[in-house]
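Residues per chain, in single letters:
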Amino acid sequence: DAKTTQPPSMDCAEGRAANLPCNHSTISGNEYVYWYRQIHSQGPQYIIHGLKNNETNEMASLIITEDRKSSTLILPHATLRDTAVYYCIVRVAGTSGSRLTFGEGTQLTVNP
Amino acid sequence: DAGITQSPRHKVTETGTPVTLRCHQTENHRYMYWYRQDPGHGLRLIHYSYGVKDTDKGEVSDGYSVSRSKTEDFLLTLESATSSQTSVYFCAISESRERNSPLHFGNGTRLTVT
């Protein structure tokens with residue numbers, strides 16, 4: 001599985017954009033990049049995923065570099081409720097079922 | 001939020017007793033998964049199901065069994081609970097096992113084996 005590297009923690013001011021980086025330099029050509037977040041005591045929440053192109057949905061934007069070795073999750077207007085651990089994951093799917101390998105993630109703290 | 005309900009939310013049991021955790025979905029998704037989350041290990045796949053009565057093992061399946069008699073329900077059973085099975089258990093669902101099909105998770109069951 002491709003390994004991901006994320007900073008352990010980040011801070012962001014409420015109302016500002018939060019930009020969370022992720023390195024995945026060993027990603028294969030057919031592997032997707034997924035982002036999840038987990039608020040304490042809750043299940044992981046799906047945010048967004050992408051293969052090559054940038055993606056946007058109602059929660060966030062995902063920017064993937066042209067060489068696909070890194071990506072950035074952007075929360076355009078962070079709120080206090082966005083405080084959570086954010087996980088960048090490379091998705092492996094195969095005959096044995098899908099695996100999601102969660103690393104340590106980035107603890108994002110949104111400050112008032 | 002995806003319609004996934006896990007029960008119970010919290011469970012304390014003694015070593016050696018059987019325990020069954022339930023996952024119920026209202027999305028009619030074909031694939032269902034059981035994961036456990038432990039500090040330092042992240043999320044690890046226990047078992048998964050790709051249809052009614054069709055299940056397979058994940059990476060940490062020893063000591064666990066599963067059953068799926070209906071599309072909407074996926075049961076995880078610990079035949080004889082051990083302290084090493086103290087963990088938070090998450091159920092997840094997806095429409096397919098393809099790389100571009102997101103998994104959606106329930107809110108977990110916190111199991112303590114004393």
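Refer to the structure printed above.
The paragraphs below set out a description of the structure included in this document.

Some thoughts on the overall build of chain B
Across its full length, chain B carries zero helices and eleven strands. Ordering the α and β elements of chain B from the N terminus gives β-β-β-β-β-β-β-β-β-β-β. Since a compact globule built from 114 residues should have a radius of gyration of about 13 Å, the 13 Å found for chain B is in line with a globular shape. Reported as C-alpha extents along the three principal axes, the dimensions of chain B are approximately 40 × 30 × 25 Å. Taking all 114 residues of chain B together, 48% fall into the buried category. For chain B, the proportion of contacts with a sequence separation of at least 24, taken over those separated by at least 6, is 55%. For chain B, the accessible area works out to roughly 5400 Å², and carbon and sulfur atoms hold 43% of it. Charged side chains of chain B number 13 positive and 13 negative; the gap between the two group centres comes to 1 Å.

Quick look at the sheet that holds strand E8 (residues 84-91) of chain A
In sheet architecture, strand pairing relies on hydrogen bonds along the backbone and comes in two forms, parallel and antiparallel. All names here are of chain A. Pairing is mixed in the open sheet, where five strands are placed in the order E1-E9-E8-E3-E4. In this open sheet, the two edge strands, each paired with only one partner strand, are strand E1 (9-13) and strand E4 (45-50). Each strand axis lies, on average, 25 degrees off the axis of its neighbour in the sheet, ignoring direction. Relative to strand E9 (residues 106-111), E1 runs parallel, the two being bridged by five bridges. Bridged to Asp11 within E9 is Thr109.

About the thresholds
- Residues numbered from 1 in each chain as written.
- Chains lettered and ligands numbered in written order.
- Predicted model: local features only at pLDDT ≥ 70, side-chain atom pairs only at ≥ 80, totals over all residues.
- Heavy atoms only, no water.
- Helix = DSSP H or I, 4+ residues; strand = E, 2+ residues; numbered from the N terminus.
- Rg over C-alpha atoms; globule rule 2.2 N^0.38 Å.
- Buried < 20%, exposed > 50% of the residue type's maximum accessible area, 1.4 Å probe, protein only.
- Contact = heavy atoms within 4.5 Å.
- Areas by Shrake-Rupley, 256 points an atom, 1.4 Å probe, with all protein chains shown as cover.
- Lys, Arg positive; Asp, Glu negative; His and termini not counted.
- Charge placed at Lys NZ, Arg CZ, Asp CG, Glu CD.
- Pairing = 2+ DSSP bridges.
- Axes fitted to C-alpha atoms, helices over the stretch in contact; angles between N-to-C directions.

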